[in-house]
Amino acid sequence: MAVTIITALLLWSCKNSTKEINDFLADRNLPIGVAENVNFVYKDSGRVTRRMMAPVFWDFSNRELNTYSEFPEGVKIVSINRVTRDSVTITGNYAISYDKTAFSEIVGDVVVINHTNGAVLNSEQIYCDDKEGVYFTETPFTLYTQKDTLKGVGFESDNYLSNWILNNTSGDITLEENIEN
């Protein structure tokens, strides 16, 4: 993972060890680092797979049980596949991401856009499970496709927003029928 445009808050003392400083910050529920206007670039085998931008980043990697990162002023995540430039974009007003479990929560005016098929999901909250490659929510959602608008409570899809499981759904759905001769 490459990181650019990071301004971090560092605390140190001539008499305290790094462990003592980390413990002090953890005991007071303070981040070990704070950065503004971050732009994270994730790569796999030299190829950019994802970009994440945020106005504020709090680093809580000083936690013993499960380190995490917090984005209190919102986040924008752009996934990039091999075929198209931007395949999926997620935005929200607040996010928290747990390192060990690869599990994230995005809250507040969440919008997920699949740039390939034109699907757009709106919700107040969404969970991202990077290990399983899924997005899901139990909150109300609206899903816009090129032909339909679907509303419901409870949604799950793959991380490309292309294979959906919709719960408590309402709306008009356009079906295409294939007739074989």
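These numbers come from a predicted model, not from an experiment.

> What is the right way to read the overall build of the protein chain from this model?
Each helix and strand counted, the protein chain has one helix and 13 strands in total. Secondary structure of the protein chain in N-to-C order comes out as β-α-β-β-β-β-β-β-β-β-β-β-β-β. Here the protein chain holds 181 residues, and the buried ones make up 36% of them. Counting only contacts in the protein chain whose residues sit at least 6 apart along the sequence, the fraction spanning at least 24 positions is 39%. Accessible area for the protein chain stands at about 11200 Å²; split by element, carbon and sulfur atoms hold 51% of it.

> Any chance you could explain the packing of aromatic side chains here in plain terms?
Each aromatic ring pair is characterised by the separation of its centres together with the angle its planes make. Scanning the model with the defined rule gives eight aromatic pairs in all. Between F141 and F155, the aromatic rings sit 5.3 Å apart at their centres with planes inclined by 55°, giving tilted as the arrangement. Placement of the pair is F141 in strand β10 (residues 134–144) and F155 in strand β11 (residues 149–158), with a sequence separation of 14 residues. We note that F141, like F155, is buried. Here the aromatic residues F40, F57 and F71 are joined through ring pairs into a cluster of three or more. Looking at R50, its charged tip hangs above the ring of Y42, at a distance of 5.4 Å from the centre.

> Would you take a moment to explain the environment of D172 for this structure?
Along the chain, D172 turns up in strand β13 (residues 170–172). With relative accessibility at 67%, the residue D172 sits in the exposed group. The spatial distance from the C-alpha of D172 to the C-alpha of L150 is 7.0 Å, given a sequence separation of 22 residues. Beyond its immediate stretch of four places on either side in the chain, D172 contacts D148, T149 and L150.

> Could you clarify how one ought to interpret the confidence of the model for the protein chain in this entry?
Predicted coordinates in areas of low pLDDT are best not read in detail. Averaged over every residue, the pLDDT of the protein chain is 82; residues scoring 70 or more account for 77%. The low-confidence segment residues 1–10, where pLDDT is below 50, has 22 contacts with residues more than four positions distant or belonging to other chains.

> Got a minute to help me understand the pairing of strand β3 (residues 47–60) in this structure?
Within a regular beta strand, the side chains point alternately toward one face of the sheet and then the other, so they alternate between its two faces. As defined by bridge partners, strand β2 (residues 33–44) adjoins β3 across 11 bridges and the pair is classed as antiparallel. Residue pairing for β3: N39 is matched across the bridge by M53. Hairpin geometry of β2 and β3 is characterised by an intervening segment of two residues between the two adjacent antiparallel strands and by a positive phi of about 55° at S45. Pairing of β3 with strand β5 (residues 75–79) involves four bridges; the strand directions are antiparallel. Each residue of the ladder has a partner; that of R50, found in β5, is S79. With three bridges joining them, β3 and strand β4 (residues 68–71) adopt antiparallel strand pairing. Of the residues in β4, the one forming a bridge with F60 is Y68.

Quick notes on the rules
- Residues numbered from 1 in each chain as written.
- Predicted model: local features only at pLDDT ≥ 70, side-chain atom pairs only at ≥ 80, totals over all residues.
- Heavy atoms only, no water.
- Helix = DSSP H or I, 4+ residues; strand = E, 2+ residues; numbered from the N terminus.
- Buried < 20%, exposed > 50% of the residue type's maximum accessible area, 1.4 Å probe, protein only.
- Contact = heavy atoms within 4.5 Å.
- Areas by Shrake-Rupley, 256 points an atom, 1.4 Å probe, with all protein chains shown as cover.
- Phe/Tyr/Trp six-rings, centres within 6.5 Å; stacked < 30°, edge-to-face > 60°.
- Lys NZ or Arg CZ within 6 Å of the ring centre and 35° of its normal.
- pLDDT = per-residue confidence, 0-100.
- Pairing = 2+ DSSP bridges.

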